[in-house]
Amino acid sequence: ETIFFVMYVLAATISLPVALILGLLSGMIFDIVTAVVIVSFASTIGATFAFLISRYLFRNYMEENFHDQYNKINSGFIKNSGYYLFALRMCLVFPYFIINLVSGLTTIKTSIFYIVSQIGMLPGTIIIILLGSNIAESINTNIGVGVETIILLSLLGLLPLLSRYLFKTWLS
């Protein structure tokens, strides 16, 4: 468990796009609760490290050399702060590693980034881990794709739409 946790943190820190694979794998290896705890905290800690690396290595350069584009992105984060990040986290269209790096370029507080990331990535994390668990069960029993797997894949697809609906109601 510790080795998997550390490997996940390192992969997220250096922005390797392997979150989906590691999430599915954790669902295959660990019981669901353990997998959710490991992946949820490892992904958020790694995301925060990537965020901080991006902030301290690239933010000044981006602000100076791409002033107009930087101000557009940063103003969105300033206006909506946690809501903006939460919407990005809930929408699985945007890869997490890109969100981590771009967020690091903004002036969002690290504590807000961590808390919102922890909460915003949790629904997708749970669904992916459950999918991994179902895939392992299908492999072990030689049974094809079950109804549960189809429902989980549907939920994964509906998550961005649900988050969009929630944000429209919250922000209006």
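> Just give me the short version of a nonpolar patch on the surface, but keep the residues and values in it.
Taken together, Leu25, Met28, Ile29, Ile135 and Ile139 make up a surface patch of nonpolar side chains, about 420 Å² in accessible area. Going through the elements one at a time, helix H2 (19-29) and helix H6 (110-141) are the ones with two or more residues in the nonpolar patch. Within the element layout of this structure, Met28 appears in helix H2.

> Now, about the packing of aromatic side chains: what can you tell me, with residues and values included?
Summed over the entire model, instances satisfying the criterion amount to five aromatic pairs. Taken together, a centroid distance of 4.1 Å and an interplanar angle of 15 degrees make the contact between Phe51 and Phe113 stacked. In this pair, Phe51 is assigned in helix H3 (residues 32-65) and Phe113 in helix H6, connecting sequence segments 62 residues apart. For the pair formed by Phe51 and Phe113, the shared burial category is buried. Ring geometry for Tyr61 and Phe66: centres 6.3 Å apart, planes at 70 degrees, overall edge-to-face. Given a relative accessible area of 48%, Tyr61 falls into the partly exposed group. Note on Phe66: relative accessible area 36%, which makes it partly exposed.

> Tell me about the confidence of the model for the protein, and please be specific about residues and values.
Looking at the protein as a whole, its pLDDT mean stands at 85, while 85% of the residues score no less than 70. Averaged over each element, pLDDT in the protein is lowest for helix H7 (residues 147-171) (67) and highest for helix H1 (residues 2-13) (95).

Definitions and cut-offs
Residues numbered from 1 in each chain as written. Predicted model: local features only at pLDDT ≥ 70, side-chain atom pairs only at ≥ 80, totals over all residues. Heavy atoms only, no water. Patch = residues over 30% accessible without salt bridge, like charges linked within 9 Å, V, L, I, M, F, W, Y side chains within 5 Å. Areas by Shrake-Rupley, 256 points an atom, 1.4 Å probe, with all protein chains shown as cover. Salt bridge = Lys/Arg side-chain N within 4 Å of Asp/Glu carboxyl O. Helix = DSSP H or I, 4+ residues; strand = E, 2+ residues; numbered from the N terminus. Phe/Tyr/Trp six-rings, centres within 6.5 Å; stacked < 30°, edge-to-face > 60°. Buried < 20%, exposed > 50% of the residue type's maximum accessible area, 1.4 Å probe, protein only. pLDDT = per-residue confidence, 0-100.

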